[in-house]
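# Observations on the model geometry
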Amino acid sequence: MTRIATLLGGLLLSRGGRRVAGRHAGKLALATLAFELWQQRRRGVAPAKARPAGRSRWSGRRP
């Protein structure tokens, strides 16, 4: 993670880097997230589940 922070910090210090970072902010965020997930899987850490198993949510219908 420190390499990415260093890279992004270097980008944000230059005017051209700020322009590029602003234009591609979503792509940079997705790439950072994907990199973190890849590192976690390499280390063997399982990602947290988004929802617990079972009923997902109330549909509004009565039983």
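Higher on the page you've got the structure.
Residues numbered from 1 in each chain as written. Predicted model: local features only at pLDDT ≥ 70, side-chain atom pairs only at ≥ 80, totals over all residues. Heavy atoms only, no water.

### Thoughts on the overall build of the chain
Selection rule: Numbering of helices and strands runs from the N terminus; a helix is a DSSP stretch of H or I covering at least four residues, while a strand is a stretch of E covering at least two. Per-residue accessibility, obtained with a 1.4 Å probe over protein chains only, is compared with the maximum for each type, and a residue is labelled buried under 20%, exposed over 50%, and partly exposed between these values. All accessibility values rest on the Shrake-Rupley procedure with a 1.4 Å probe; residue burial counts only the protein chains present in the view.
What the chain contains, in helices and strands, is three helices and zero strands. Counting helices and strands in the order they occur from the N terminus, the chain gives α-α-α. With 63 residues in all, the chain has 6% of them scored as buried. When the accessible surface of the chain is summed, it comes to about 6,200 Å², and 59% of that surface belongs to carbon and sulfur atoms.

### Thoughts on a nonpolar patch on the surface
Applicable threshold: A patch consists of residues whose relative accessible area exceeds 30% and which take part in no salt bridge; residues with like charges are grouped when within 9 Å of each other, and nonpolar side chains (Val, Leu, Ile, Met, Phe, Trp, Tyr) when within 5 Å. Should a side-chain nitrogen of Lys or Arg be within 4 Å of a carboxyl oxygen of Asp or Glu, the pair is scored as a salt bridge.
Taken together, the side chains of Leu 30, Leu 33 and Leu 37 make up a nonpolar region of the molecular surface, amounting to roughly 280 Å² of accessible area. For Leu 30, a relative accessible area of 60% puts it in the exposed group.

### Some words on the packing of helix H1 (residues 2-13) against helix H2 (residues 15-23)
The angle between the axes and the distance between the axes are what describe a pair of packed helices. We count it as follows: Helix axes are fitted only over the stretch in contact, all axes being lines through C-alpha atoms; the angle between N-to-C directions runs from 0 to 180 degrees. We call two directions roughly parallel when the angle between them is under 35 degrees, roughly antiparallel when it is over 145, roughly perpendicular when it lies between 65 and 115, and oblique otherwise. Two residues form a contact once any of their heavy atoms are found within 4.5 Å. Polar here means any residue outside two lists: the nonpolar Ala, Val, Leu, Ile, Met, Phe, Trp, Tyr, Cys and Pro, and the charged Asp, Glu, Lys and Arg; Gly therefore counts as polar.
Interhelical geometry of H1 versus H2 gives an angle of 115 degrees and a closest axis separation of 5 Å. Between H1 and H2, the crossing angle belongs to the class labelled roughly perpendicular. Of the residues in H2, those in contact with Leu 11, Leu 12 and Leu 13 of H1 are Arg 15, Gly 17, Arg 18 and Ala 21. A breakdown of the residues in the contact of H1 with H2 according to their chemical character gives four nonpolar, one polar and two charged.

### A short note on the packing of aromatic side chains
What counts, and what does not: Any two of the Phe, Tyr and Trp rings considered here, Trp counted by its six-membered ring, make a pair once their centres fall within 6.5 Å; the pair's planes then place it as stacked at under 30 degrees, edge-to-face at over 60, or tilted in between.
Within this structure, the stated rule accounts for one aromatic pair. Between the aromatic rings of Phe 35 and Trp 38, the centroid separation amounts to 5.8 Å while the plane-to-plane angle is 35 degrees, which identifies the pairing as tilted. In this pair, Phe 35 and Trp 38 are both assigned in helix H3 (residues 25-43), three residues apart and thus about one turn of the helix distant. For Phe 35, a relative accessible area of 27% corresponds to the partly exposed category.

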